[in-house]
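Letter by letter, the chains look like this.
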Amino acid sequence: MTGSLPTSSIGPFVTNLRCLRCGRTIEPTSVAYVCNCSPNAGSDMGFLNIEYDYAAIAAAVAPTQITADPDHAIGRYWPLLPIADRRSLPPLVVGATPLTHARRLCDSLGLSRLYVKDDGRNPSASLKDRASAIAVARAQEGGWPIVATASTGNAAAALASQAAAANQPSIIFVPKTAPQAKIAQLLVFGATVLAIDGVYDQAFDLCMEACAEFGWYNRNTGYNPYMTEGKKTVSFEIAEQLGFAAFETQTGFAAPDAVFVSVGDGSIVGGVHKGFKDLLALGWIAKMPRIYGVQSKLSPAIYQAWRDDRVIPEPVQATTRADSISVDAPRDAVKALNAIRQTGGAFIAVEDDAILAAILPLARLGAVFAEPAGATAFAGLQQAVAEGLVAPQETIVVINTGNGLKDVSAAIQVAGGVRVIEPSISAVRKALQTGS
Ligand SMILES: *Cc1c(COP(=O)(O)O)cnc(C)c1O
Ligand SMILES: [Zn+2]
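Quick caveat, the model's predicted, so the values are computed rather than measured.

Undergrad: Even after reading the chapter, I still don't get the pairing of strand E1 (residues 14–19), so can you show me in this structure?
TA: Successive side chains on a regular strand alternate, one facing one side of the sheet and the next facing the other. With 5 bridges joining them, E1 and strand E3 (residues 48–52) adopt antiparallel strand pairing. By the bridge assignment, Val14 is partnered in E3 with Tyr52. The hairpin turn running from E1 into strand E2 (residues 25–26), its antiparallel successor, is 5 residues long, and Gly23 in that turn takes a positive phi close to 85 degrees.

This is the structure:
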């Protein structure tokens, strides 16, 4: 490991990095990514949680100061971010994505307060922008010449676009099978792209080795503990948007009853949990929502660990069509399992057919176009409703993590082919009559 961060390169309210495995604390200015208590790589490393001085934040910042901030992007939550200066964030509007009361989806499911948080509307069209913005800010504050990441596609696209905005060189490891749209994003934003003749897990390990070898800043999901701190901003926004809608809260923030999010490595769901934990610790929300993590039955490692009451998941051979959640050995399972176990939620495993089918109601009744991994969260809600895990009056949020334009071939597979006609009014009439 090369380089050392100047003392100032951390948020002023960060107190410690605490190991989730042995409980030891590490100085926040350390360059460590994980605690060295575990000899193992992969799912059993000493993952770090970033801790804040909540009393000091509550004394220094009123919640209404945040809700009145003219910056709509994640910089508005700067007291709760691990960066020294909010201006270190790349000059892009990350976050500020819509939370919509989906009335027709409510009707179709017998719910009354279902909201869709559309994180496909981020600069590179997925929730990963929230984490990559933090990665680039920390790389810039630390003076790292290069940021690298492994990715199933979206984390890489997010890093490439944030890096372009900040003029920060980046190197990307993706499986060569990543959808074309995601590869196109990497190339147009000018990242150095190394497509691996292998699966995501191999790209992950290679990126780890290369960062150690060449002294690059490593954005890898799970391994880099600060990515959780970016992903948690989705919960800040959900609570702020619900608080605004509710008119019931003094703080301007309000928690939903339940949140549904798709799970691959487990980093997003861990981030969602961290965001609500921060707000609860500050007293800005009154309760912790139940968190539901949704996996494909063809990539179910964390689901199985939860079902079998294990601490560390057994690796699987993932084959799901939802490429963003296709993971053999999940890298952030500890935080993911905590998120579900500590909130009274559940993991849900759904069929790939249900994932693809869920794209249609989400689009036709909710007007949100999701990539398969995004629609997975909604497929999980459908199953949860069928199993009675949620009640009709509850406030429920489904997070769409990625835009449908990321993978149009999956969408066309479920939406059906297009009808071609001759350019004449009689052909229009005939097509409308026969429906074929
Ligand atoms: C990365 C990603 C996920 C899964 O997030 P994890 O942190 O790997 O669990 C889900 N959906 C989309 C669109 C993603 O890009
Ligand atoms: Zn440890």
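Back to the text.
Undergrad: Where do I start with the site of ligand 1 in this structure?
TA: Not every one of the 15 residues close to ligand 1 is listed here, only the nearest: Lys128, Asn154, Gly264, Gly266 and Thr401. One of the side-chain nitrogen or oxygen atoms of Lys128 is found 2.7 Å away from an oxygen atom of ligand 1. Take Ile268: an N or O atom from its main chain is 2.8 Å from an oxygen atom of ligand 1. Contact with the protein chains covers 98% of the free accessible surface of ligand 1, which is 380 Å². Considering only residue class, the shell around ligand 1 consists of 4 nonpolar, 8 polar and 3 charged.

Undergrad: Help me out: how do you make sense of the packing of helix H10 (residues 267–281) against helix H12 (residues 333–341) in this one?
TA: Helix packing geometry: the angle between the two helix axes and the distance between the axes. Interhelical geometry of H10 versus H12 gives an angle of 50 degrees and a closest axis separation of 8 Å. By the angle between their axes, H10 is oblique relative to H12. The two elements H10 and H12 meet at a crossing, and its hand is left-handed. Residues Val269, Gly270 and His273 of H10 lie in contact with H12, whose contacting residues are Lys335, Ala336, Asn338, Ala339 and Ile340. Taken together, the residues of the contact of H10 with H12 sort by class into 4 nonpolar, 3 polar and 1 charged.

Undergrad: Can you help me understand the coordination of the zinc ion (ligand 2) in this one?
TA: Protein coordination at the zinc ion (ligand 2) comes from Cys19 (SG), Cys22 (SG), Cys35 (SG) and Cys37 (SG), with a distance range of 2.3 to 2.4 Å. Geometry at the zinc ion (ligand 2) is tetrahedral, judged from the 4 donor atoms that bind it and their angles of 107 to 115 degrees at the metal. Take Cys19: its relative accessible area is 3%, and that puts it in the buried class. On the basis of relative accessibility, which here comes to 40%, the residue Cys22 falls in the partly exposed class.

Undergrad: What should I look at first to understand the nonpolar core in this one?
TA: Most often, soluble globular proteins have nonpolar side chains that are buried together. If you look at the biggest cluster of nonpolar residues, it comprises 96 residues, and the most contacted ones within it are Phe173 and Ile399. Among the elements that make up this core, the one with the highest residue count is helix H4 (residues 128–142) (7 residues). Dropping the residues within four chain positions of it, Ile399 is found in contact with Lys117, Leu127, Val234, Ile238, Val259, Phe260, Val261, Val272, Gly374 and Ala377. By size, the runner-up hydrophobic cluster in this structure holds 31 residues, among which are Val294, Ile348, Val398 and Ala410.

Undergrad: Explain the pairing of strand E10 (residues 258–262) here, please?
TA: Among the 5 residues of E10, 5 are classified as buried, and the element is accordingly described as predominantly covered. A two-sided burial pattern is seen for E10, the buried positions comprising Ala258, Phe260 and Ser262 on one face and Val259 and Val261 on the other. One ladder, built from 5 bridges, connects E10 with strand E11 (residues 290–296); its direction is parallel. Within E11, the position partnered with Val259 by the bridge is Ile291. Regarding the hand of the β-α-β motif, the stretch spanning E10, H10 and E11 is right-handed. Relative to strand E13 (residues 395–400), E10 runs parallel, the two sharing 3 bridges. Its bridge partner being in E13, Ala258 is matched across the sheet by Ile396.

Cut-offs applied
- Residues numbered from 1 in each chain as written.
- Chains lettered and ligands numbered in written order.
- Predicted model: local features only at pLDDT ≥ 70, side-chain atom pairs only at ≥ 80, totals over all residues.
- Heavy atoms only, no water.
- Pairing = 2+ DSSP bridges.
- Helix = DSSP H or I, 4+ residues; strand = E, 2+ residues; numbered from the N terminus.
- Near = heavy atom within 4 Å.
- Polar contact = N/O pair within 3.5 Å; in protein donor to acceptor, adjacent residues only side chain to side chain.
- Areas by Shrake-Rupley, 256 points an atom, 1.4 Å probe, with all protein chains shown as cover.
- Nonpolar A, V, L, I, M, F, W, Y, C, P; charged D, E, K, R; others polar.
- Axes fitted to C-alpha atoms, helices over the stretch in contact; angles between N-to-C directions.
- Parallel < 35°, antiparallel > 145°, perpendicular 65-115°, else oblique.
- Left-handed = near helix turned anticlockwise from the far one by under 90°.
- Contact = heavy atoms within 4.5 Å.
- Donors = N, O, S within 2.8 Å, 3.2 Å for Na, K, Ca; no water.
- Tetrahedral: all angles 85-135°; square planar, octahedral: opposite > 155°, others 65-115°.
- Buried < 20%, exposed > 50% of the residue type's maximum accessible area, 1.4 Å probe, protein only.
- Core = buried A, V, L, I, M, F, W, Y, C linked by side-chain atoms within 4.5 Å.
- Right-handed = clockwise from strand over helix to strand, strands pointing away.

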